[in-house]
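# Coordinates in review
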Amino acid sequence: MMSDKNKEKELKAALRNYLKEETDVALRNAVDSWYHSIGSTAEEAPLLSDPDSKAELAENIRFYLAGQIHPAKKSWFNPTYLKYAAAVLLMLSTGVLGYTYLSQQRQASKKEIALFSDLHKQKELLLPDGSKVLLNVGTELILSKDFGESQRRVSLRGEAFFEVAKDKNRPFIIQSGDLSTRVLGTSFNINAYPDMDKIKIAVLTGKVMVAKNIAGREKTIAPGMTKGSTLSFYKATGKTELKTEDTALFSFWKDNKLYIDNSTISEIASQLERYYHLKVVFNTKTDRGLRYTIKFNKEPANRVMEILSILTKRKFSYQTNQITIK
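This report concerns the structure included in the present document. (Residues numbered from 1 in each chain as written. Predicted model: local features only at pLDDT ≥ 70, side-chain atom pairs only at ≥ 80, totals over all residues. Heavy atoms only, no water.)

Take the nonpolar core next. In terms of nonpolar packing, the biggest core is built from 30 residues, with Leu141, Phe162, Phe172 and Ile190 touching the most fellow members. The leading source of residues in this core is strand β6 (residues 152–163), at 4 residues. Not counting residues up to four positions away in its chain, the partners in contact with Leu141 are Ile113, Ala114, Leu115, Leu125, Val133, Leu135, Val154, Ser155, Leu156 and Phe162. Membership of the second largest hydrophobic core comes to 21 residues, among which are Ile260, Ile268, Leu272 and Tyr292. (Core = buried A, V, L, I, M, F, W, Y, C linked by side-chain atoms within 4.5 Å. Buried < 20%, exposed > 50% of the residue type's maximum accessible area, 1.4 Å probe, protein only. Helix = DSSP H or I, 4+ residues; strand = E, 2+ residues; numbered from the N terminus. Contact = heavy atoms within 4.5 Å.)

Let us look at the environment of Lys295. Note on placement: Lys295 falls in strand β17 (residues 292–296). The sequence separation of Lys295 and Tyr259 amounts to 36 residues, and the corresponding C-alpha distance is 4.4 Å. Beyond its immediate chain neighbours, meaning those up to four positions away, Lys295 contacts Leu249, Phe252, Leu258 and Tyr259.

With that out of the way, let us pick up the pairing of strand β13 (residues 229–234). Taking burial as the measure, the 6 residues of β13 include 6 buried ones, the bulk of the element. On β13, burial covers both faces: Ser229, Leu231 and Phe233 on one face and Thr230, Ser232 and Tyr234 on the other are all buried. Pairing analysis gives 5 bridges linking strand β10 (residues 198–205) to β13, with the strands arranged antiparallel. Pairing of Lys200 across the sheet is with Ser232, part of β13. One ladder, built from 5 bridges, connects β13 with strand β14 (residues 240–244); its direction is antiparallel. Among the inter-strand pairings, Leu231 is bridged to a residue of β14, identified as Leu242. Between β13 and β14, which follow one another and run antiparallel, lie 5 residues, and Gly238 among them has a positive phi close to 80°. (Pairing = 2+ DSSP bridges.)

Quick look at the structure:
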């Protein structure tokens, strides 16, 4: 493995070449694409195309490198640029691969940070507190404007697997619809897609507390969920269901496996759309509300359709551009 000293030399060389516009096209395009995406999803970023902005960014990067040896120099930073400099540094040092890193210095902006995965690919995140989050496809995670200060609060729309860094003084809170999930350090999965009729929380390690928003006030509905515990919250009725289950099944999606959990035909249709990235043609009026549970281990699509047809007594068919349920 490359030593820290060699990594530092390589990083400095990459930064120096980038600021001199000597970086290879692939790396420059990757950095530029990432850099400009910050402004579009979170806050206004200084333009790399502007000479003055680029010069100031370069100066902050140099101060950042110097600050690793002389921490007192960090007080010279312009906080508006530091967050981008720190993130660029990490991105270049990892070869523009791996986790998306959010610099802790972004707090100066006092704006929420919105992060998205696209409809065809999961997205891996490393948050400023060291927590890791894997977003399933079509998911949005919003970090609160004061994330990392007195508490760590995020909002989730979609599905994500969390590995929360331990911090007993700053609870990690996930808002998903009417539910609020509070942890200090643990791993768990939350499925909160808007088109599903329930929100499902599954704990793999540690301890989780779940509260429900009732008329603007939080009421605890699960004070101590531990490994093997699941909570299903049905949106239409407000009913809550606590169970002991094989919670590893609920993060099957991390390994590109399909697990259908007590789902209606309509929910199965939505899940298949996300899993296969295909349109599902289905008449929702024919959904009689029956629920089905089944797991698949990367079976071919035609085999999955065959099994679903047998299980549900409906006809599932797979084509190159869509799935049809009759």
